2 protein chains.
Amino acid sequence: MSTTAMKDEDPRPALSRQRVVQAAIQHADSAGLDGLTMRKVAEMLQAAPMSLYRHVSNRDDLIDAMIDVLFGEIALPLGSAHWKTAMRDRALSLRDLLARHRWAIGLMESRRRPGPANLRHHDAVIGKLRSAGFDVEMVAHAYSVLDGYIYGFALTRMSIPFDTTDEMAAMAQDMFEPWPANDYPNLAEFVTDHVMKPGYDYREEFEYGLDLILNGLEEALAG
Amino acid sequence: MSTTAMKDEDPRPALSRQRVVQAAIQHADSAGLDGLTMRKVAEMLQAAPMSLYRHVSNRDDLIDAMIDVLFGEIALPLGSAHWKTAMRDRALSLRDLLARHRWAIGLMESRRRPGPANLRHHDAVIGKLRSAGFDVEMVAHAYSVLDGYIYGFALTRMSIPFDTTDEMAAMAQDMFEPWPANDYPNLAEFVTDHVMKPGYDYREEFEYGLDLILNGLEEALAG
DNA sequence: ACCTGAACACCGTTCAAGT
DNA sequence: ACCTGAACACCGTTCAAGT
């Protein structure tokens, strides 16, 4: 086997900014933001830690790039749909993105160097609202309450990694165990009657609040 | 100067769990969660890093304790006030807490070992809603949309550390600088006409969304 | 009894050296 | 031109030793 014959099967294709960023996203998805280390990403790519620095200037720059890739994945509110439909679809798309990439929740709206996909996304949302009759002040209200809710719901209500009611019950048990049984009667009732009931689905819960907010905005726009 | 005479002025009072936790909160307030290291907290207390481990079992245990102190600072919805007033006051109190302790935003609702102040707080909120006529399902809806909004607003809209319009303008300038001037016309208009206008106040913006949500819940409760 | 120094297995990143 | 090993200044935490 000559060295030229092996070229096609090289297990180490050349590094590129895109490959580094993709590997980093994949690793953050499974290991979280704390687990995202330059050394681990390099290991995934079978490269030395220092090799990454040819393609990203440092860990922050890598994170900036990762976030802009995610912004590119959110459904844009384009086309002729009603603003409510467009905002609803965009909210569900963003919620799903944040569920797939939990590490990104606190990073999406705090970039000091927003990338082109980030700017393009926000430009499209604002454009959709403006052309639907929202004035600048109402755009600010709508954006603030919608994104507040979407990111906050992702942060506070989607953290439970359990699929079954049994696992849910076990977790609730662990949380209460250290404390006297009847100190928190309202909380106990709530957990028993609601959270641990089969069929609890965060998607339905998310849409309840989303529609409440969209209806409130519609009333404000008309009034 | 005898050694006994110096006792009263000992610059290193005995360590305690409470002192460790208080120092850690103070340090996180100024240095953020990344800056919160066992070694820095020890330094603040003029102790060796390892001395902290007599009072907290590890960094996670320290954070659990810090969060429960914060829960103890939120105004509880007790007394005979209307549920809407009580929830509004509680939301403003929580928002102010999260503004003072930004490092805590992602930690408050993800504790696997909630402390007594945490449980007590949630018990009081649920109790207030239940006694106002919310059934268990409506409590879930209300809690989900309110806390989603409160934490999400804190996460996405309160991150700007600037007090003056000039600083705001400079930041916006930096963010757009790398990109072609007219690629994002809707965003440009929004930033010019709204964000950079004097008198922009996140407190007013927060209350707009909060009242929209509270009114929506009131309608759902009546309907 | 209470505290802590030395050590270990990690980090991000600089700098100088390899191919 | 492109890549990387050694080194530095940090981490949290274990373990054995100090007072």
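Procedures and definitions
- Residues numbered from 1 in each chain as written.
- Chains lettered and ligands numbered in written order.
- Predicted model: local features only at pLDDT ≥ 70, side-chain atom pairs only at ≥ 80, totals over all residues.
- Heavy atoms only, no water.
- Salt bridge = Lys/Arg side-chain N within 4 Å of Asp/Glu carboxyl O.
- Helix = DSSP H or I, 4+ residues; strand = E, 2+ residues; numbered from the N terminus.
- Buried < 20%, exposed > 50% of the residue type's maximum accessible area, 1.4 Å probe, protein only.
- Near = heavy atom within 4 Å.
- Polar contact = N/O pair within 3.5 Å; in protein donor to acceptor, adjacent residues only side chain to side chain.
- Nonpolar A, V, L, I, M, F, W, Y, C, P; charged D, E, K, R; others polar.
- Expected span 1.5 Å × (residues − 1).
- Bend = angle between axes of the 7 residues up to and from the residue.
- Contact = heavy atoms within 4.5 Å.
- Axes fitted to C-alpha atoms, helices over the stretch in contact; angles between N-to-C directions.
- Parallel < 35°, antiparallel > 145°, perpendicular 65-115°, else oblique.
- Left-handed = near helix turned anticlockwise from the far one by under 90°.

### Quick word on the pattern of salt bridges
Evaluated as defined, the whole model comprises 24 salt bridges over all chains. Here A:Arg88 and A:Asp211 are joined by a salt bridge, their closest N and O atoms 2.8 Å apart. With A:Arg88 in helix α4 (residues 83–100) and A:Asp211 in helix α9 (residues 202–222), the pair connects residues that are 123 residues apart, well separated along the chain. Judged by relative accessible area, A:Arg88 falls into the partly exposed class, the value being 24%. A salt bridge links B:Asp147 to B:Arg90, with the nearest nitrogen and oxygen atoms 2.6 Å apart. Taken as a pair, B:Asp147 in helix α6 (residues 136–157) and B:Arg90 in helix α4 (residues 83–100) lie far apart in primary sequence, 57 residues in all. A single network of salt bridges, built from pairs that share partners, joins A:Arg90, A:Glu109, A:Asp147 and B:Arg157.

### Some points on the protein's contact with DNA strand D
In the vicinity of DNA strand D lie 16 residues, with A:Ser51, B:Thr37, B:Arg39, B:Met50 and B:Tyr53 positioned nearest. Of what DNA strand D places within 4 Å of the protein, 49% of the atoms are sugar or phosphate. Note that a phosphate oxygen of DNA strand D is positioned 3.5 Å from one of the backbone N or O atoms of A:Ala48. Residue B:Arg39 places a side-chain N or O atom 2.2 Å away from a base nitrogen belonging to DNA strand D. When residues of the surface near DNA strand D are assigned to their parent elements, the largest contribution, three residues, is made by helix α2 (residues 38–44) of chain B. Looking at the surface near DNA strand D residue by residue, the class counts come to six nonpolar, four polar and six charged.

### Observations concerning helix α1 (residues 17–35) of chain B
Residue and element names in this part refer to chain B. Over its 19 residues, α1 extends only 20 Å from the first C-alpha to the last, a length that falls short of the 27 Å expected when each residue adds 1.5 Å. Most pronounced at Asp 29, the bend in α1 amounts to some 90°. Within α1, burial applies to Val 20, Val 21, Ala 23, Ala 24, Ile 25, His 27, Ala 28 and Gly 35. On its buried side, α1 packs onto α2 and α3 (59–71).

### What to know about the packing of α4(B) against α6(B)
Residues and elements named next belong to chain B. As a packed pair, α4 and α6 sit with axes 9 Å apart at the nearest point and diverge in direction by 30°. As far as their axial angle goes, α6 and α4 are roughly parallel. With respect to the hand of their crossing, α4 and α6 are arranged in right-handed fashion. The residues of α6 that touch α4, namely those facing Met 87, Arg 90, Ala 91, Leu 94, Arg 95 and Leu 98, are Tyr 143, Leu 146, Asp 147, Ile 150, Tyr 151 and Ala 154. Considered class by class, the residues forming the contact of α4 with α6 number nine nonpolar, no polar and three charged.

These results come straight from atomic positions and should not be treated as a statement about function.
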